[in-house]
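# Fold and contact review
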Amino acid sequence: MLKPGDTVGILGGGQLARMMALAAAPLGLKCHIFAPEGDNPAFDVSAACTIAGYEDEAALKAFSASVAVVTYEFENVPATTADILSAHVPVLPAPRALAITQDRFTEKSFIRELGLIVPDFIAVSSLEELDAALMTIGRPSVLKTRRLGYDGKGQAMIRPDVSASEAWDAIGHAPAILEAFVPFEREVSVVAARSLDGEFVAYDVCENRHKHHILDKTLLPASISAKTETSAKEAAKKIGDALGYVGVFAVEFFVAGSGDQEVLLVNEIAPRVHNSGHWTLGGAETSQFEQHIRAVSGWPLGSVKRLGQIDMENLIGDDIARWPDLLAESGLFIELYGKREARAGRKMGHITRVIR
Ligand code: AMP
């Protein structure tokens, strides 16, 4: 268990690490960021920073000697990096969560074995296998690379007019899964936390709207039945318990059908704080960032009580130009990540309106 004054090590220096470091400070904890490149939003707000590659063994050893625990802000931490670190210092969530969630096939198989529903899927590693899988799954379907896909990258939709070879070329011939297309009504997620001694808490279910495959808005309460809300939280608990997870994680779902016919299908697990939990900064009694720091420090979890009706909006690319007007809005929770360049599709900040 960490004590105030101790240092939390964080792999990755983006906005998620920045908001974790900002949440650690009032708890009396310092953060040491380890990231491969120099221009990082988390560096502005952290006690120590190391710029080195994730394969740099000497730098990883020095980093592990300077911190009481290591956590991360993204799921693509190389397995060898996690192994080198965990020989010297606790790595939380444990690297097993990374191993499972880094590969869509392993992840979906794991979720299905827990008795939860996922869209039908088949692993494919050649055009011939894709042809065969299309005979079973049919069209429309979605071809997704097994590894390193996010925000719709590494994906190809196979509509009736798209040939298998076009889709196979589009994802660069990488090992993949072919997944059934889900005609969903809405996309929702559960942001949850599990402590070192197995306590589990879940924030209310969020409804997520995407623009160009990037999260645009998160709204609460989600427009789903009370039964579906409970099932989503139970699914997250099942996943957290099965992973022996410590920290904050998110489970993304598709909701198909409506009313009594509502069905929840798990899309993916994010083993980290998540964009759909940003509303908790200002919108809940404990933010997901504080919650994660508490969990990996071996501390008791905080209250997940929601403080009102929530409307969280991401500021993407040029949206950031609205900052003077946003600052003038009373009661708005505003978080700007301090990135200098507003490239298209880049997450620059977010705002949350809480209607009490
Ligand atoms: P993912 O990277 O798997 O989260 O997918 C990104 C987005 O693509 C999702 O948020 C959905 O909007 C869409 N998508 C992914 N898989 C499916 C599917 N099987 N059926 C329908 N839409 C999907």
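I will try to describe carefully the structure that is included in this document. All values derive from a computational prediction rather than experimental measurement. (Residues numbered from 1 in each chain as written. Predicted model: local features only at pLDDT ≥ 70, side-chain atom pairs only at ≥ 80, totals over all residues. Heavy atoms only, no water.)

This brings us to the pattern of salt bridges. The tally for this structure, following the rule as stated, stands at 20 salt bridges. Of the charged contacts, one joins Asp 103 and Arg 146 as a salt bridge, the two residues approaching to 2.9 Å between their closest N and O atoms. Separated by 43 residues along the polypeptide, Asp 103 in the loop between α4 (95–101) and α5 (104–113) and Arg 146 in the loop between β6 (141–145) and β7 (155–158) bring together distant segments of the chain. A residue is classified by how much of its surface remains accessible, and Asp 103, at 9% relative accessible area, is buried. Two residues, Asp 204 and Arg 306, come together in a salt bridge whose shortest N-O distance is 2.8 Å. Residue Asp 204 is found in the loop between β10 (200–202) and β11 (206–211), and its partner Arg 306 is found in the loop between α10 (288–296) and β15 (309–316); the two are separated by 102 residues along the sequence. Note on Arg 306: relative accessible area 23%, which makes it partly exposed. Through salt bridges with shared partners, one network takes in Asp 204, Glu 229, Lys 233 and Arg 306. (Salt bridge = Lys/Arg side-chain N within 4 Å of Asp/Glu carboxyl O. Helix = DSSP H or I, 4+ residues; strand = E, 2+ residues; numbered from the N terminus. Buried < 20%, exposed > 50% of the residue type's maximum accessible area, 1.4 Å probe, protein only.)

Around the ligand lies a shell of 16 residues, among which Lys 144, Gln 155, Glu 179, Val 182 and Glu 187 are the nearest. Ala 180 places a main-chain nitrogen or oxygen 2.9 Å from a nitrogen atom of the ligand. When the ligand sits alone it has 480 Å² of accessible area, and the protein chains cover 92% of it. Across the shell around the ligand, the residue classes tally to six nonpolar, four polar and six charged. Shared between two domains, the shell around the ligand takes at least three residues from each, and those domains are domain 2 (120–180) and domain 3 (186–355). (Near = heavy atom within 4 Å. Polar contact = N/O pair within 3.5 Å; in protein donor to acceptor, adjacent residues only side chain to side chain. Areas by Shrake-Rupley, 256 points an atom, 1.4 Å probe, with all protein chains shown as cover. Nonpolar A, V, L, I, M, F, W, Y, C, P; charged D, E, K, R; others polar. Domains from an automatic or database assignment.)

Attention now moves to the sheet that holds β6. Pairing is antiparallel in the open sheet, where four strands are placed in the order β5-β8-β6-β7. Each having just a single partner strand, β5 (121–124) and β7 make up the two edges of the open sheet. When strand polarity is set aside, the average angle formed by the axes of neighbouring strands in this sheet is 20°. Sheet analysis places β5 next to strand β8 (residues 176–180), joined by four bridges and oriented antiparallel. Note that in β8 the partner of Ile 122 across the bridge is Leu 178. This element, α5, spans β5, β6, β7 and β8 of the sheet and lies at about 150° to β5. (Pairing = 2+ DSSP bridges. Axes fitted to C-alpha atoms, helices over the stretch in contact; angles between N-to-C directions. Contact = heavy atoms within 4.5 Å.)

We now examine unusual backbone geometry. Following Arg 139, the chain continues to Pro 140 via a peptide bond in cis, the omega torsion being -5°. A cis amide bond links Leu 220 to the next residue, Pro 221, at an omega of 0°. Mapped onto the secondary structure, Pro 221 falls in the loop between β12 (214–220) and α8 (226–243). A positive phi is found at His 173, a non-glycine position, where the angle reads about 60°. In this fold, His 173 is placed in the loop between α7 (164–170) and β8. Under the relative-accessibility criterion, His 173 is labelled partly exposed at 47%. Although it is not a glycine, His 212 adopts a positive phi angle of roughly 50°.

Attention now goes to the environment of Val 255. If you trace the backbone, Val 255 turns up in strand β13 (residues 247–256). Assessed through its relative accessible area of 0%, Val 255 is described here as buried. A C-alpha to C-alpha distance of 6.5 Å links Val 255 and Leu 265, two positions ten residues apart in sequence. If we ignore the near neighbours within four places in the chain, the residues touching Val 255 are Phe 184, Glu 185, Arg 186, Val 188, Ile 224, Glu 262, Val 263 and Leu 264.

Distances and angles like these do not, on their own, reveal function.
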